[in-house]
Amino acid sequence: MDDFRSLSDYFLIQTYENIQRELHVDLSRSTRLVGDAAQRADQLRREIDRRGLFCKPIEWPVLKDGLIS
């Protein structure tokens, strides 16, 4: 889903925040997000910024050898 222009503002922010929640759950379990979550979040963030919307940015952990450090 590369083109987010057809999504409502609400759905766009909810999708971004869902990735953020997944990250927090994974961190609490010392696991790692499956797939390209960071790439999806970055695409969503660019569209959020383009629309002038606000949501808290995702703070990604530093990974070492695929593990959260």
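One numbering rule holds for all chains: residues counted from 1, following each sequence as written. Given that this is a predicted model, residues contribute local features only at a pLDDT of at least 70 and side-chain atom pairs are listed and counted only at 80 or more, while totals for whole chains, interfaces and linings are drawn from all residues. Heavy atoms from the whole structure form the basis of all side-chain values; hydrogens and water molecules are not counted.

### Details of helix α1 (residues 9–29)
The terminal C-alpha atoms of α1 lie 31 Å apart, and with 21 residues this matches the ideal 30 Å at 1.5 Å per residue to within 8%. Relative accessibility thresholds used throughout: buried, under 20% of the residue-type maximum; exposed, over 50%; partly exposed, between the two (1.4 Å probe, protein chains only). Numbering of helices and strands runs from the N terminus, with a helix taken as a DSSP run of H or I at least four residues long and a strand as a DSSP run of E at least two residues long. For α1, every residue scored as buried is listed here: Leu12, Ile13, Tyr16, Ile19, Gln20, Leu23 and Asp26. Projected down its long axis, α1 carries its buried residues within an arc of 150°, all on one side. Every exposed residue of α1 that faces more than 90 degrees away from the buried side is listed here: Tyr10, Ser28 and Arg29. Contacts are assigned to residue pairs that have any heavy atoms within 4.5 Å of one another. Looking at the buried positions of α1, the neighbouring elements they touch are α2 (37–51). Here the expected span of a helix is defined as 1.5 Å times the quantity of residues minus one. Arc definition: it is the arc formed by the directions from the helix axis to the C-beta atoms.

### Here we look at the nonpolar core
The biggest cluster of nonpolar side chains holds 13 residues, and the ones touching the most others in it are Leu12, Tyr16, Ile19, Leu44, Ile48 and Ile58. Only α1 and α2 provide two or more residues apiece to this core. When sequence neighbours within four positions are dropped, the list of residues in contact with Ile58 reads Tyr16, Ile19, Gln20, Leu23 and Ala41. Only buried residues count toward a nonpolar core. Its members are Ala, Val, Leu, Ile, Met, Phe, Trp, Tyr and Cys residues joined through side-chain atoms within 4.5 Å.

### Remarks on the pattern of salt bridges
By definition here, a salt bridge exists when the distance from a side-chain nitrogen of Lys or Arg to a carboxyl oxygen of Asp or Glu is within 4 Å. In this structure the tally under the stated criterion is six salt bridges. Measuring nitrogen to oxygen at the nearest pair gives 2.6 Å for the salt bridge that ties Arg51 to Asp9. Pair noted here: Arg51 is in helix α2 and Asp9 is in helix α1, with a separation of 42 residues, a long-range link. For Asp9, a relative accessible area of 37% translates into the label partly exposed. With its nearest N and O atoms 3.5 Å apart, the salt bridge here joins Asp36 to Arg40. Within the structure, one salt-bridge network assembled from shared partners comprises Asp9, Glu47, Arg50 and Arg51.

### Points about the confidence of the model for the protein
pLDDT: the predictor's confidence for each residue, scored from 0 to 100. For the protein, mean pLDDT is 83; residues scoring 70 or higher make up 83% of the total. By mean pLDDT, strand β2 (residues 67–68) is the weakest element of the protein at 50, and α2 is the strongest at 92.

### Thoughts on the side chain of Glu47
Here Glu47 shows up in helix α2. Any pair of N or O atoms that falls within 3.5 Å is considered a polar contact. Within protein, one atom must be able to donate a hydrogen and the other to accept it, and sequence-neighbouring residues count only if both atoms are side-chain atoms. Among the polar contacts listed, one links the side chain of Glu47 to the side chain of Arg51, at a separation of 2.8 Å.

### Some points on the packing of α1 against α2
To obtain each axis, a line is fitted to C-alpha atoms, and for helices this fit is confined to the stretch in contact; angles are then taken between N-to-C directions over 0 to 180 degrees. With their axes 10 Å apart at the nearest point, α1 and α2 run at an angle of 145° to one another. Helix-helix and strand crossings are classified by hand; for α1 and α2 the assignment is left-handed. Listed contacts from α2 to Asp9, Leu12, Ile13, Thr15, Tyr16 and Ile19 of α1 are Ala37, Arg40, Ala41, Leu44, Arg45, Glu47, Ile48 and Arg51. For the contact of α1 with α2, the per-class residue count stands at eight nonpolar, one polar and five charged. Left-handed describes a crossing whose near helix is turned anticlockwise from the far helix through less than a right angle; right-handed describes the clockwise counterpart. In this count, Pro and Cys sit with the nonpolar residues alongside Ala, Val, Leu, Ile, Met, Phe, Trp and Tyr, while Asp, Glu, Lys and Arg are called charged and the others, Gly among them, polar.

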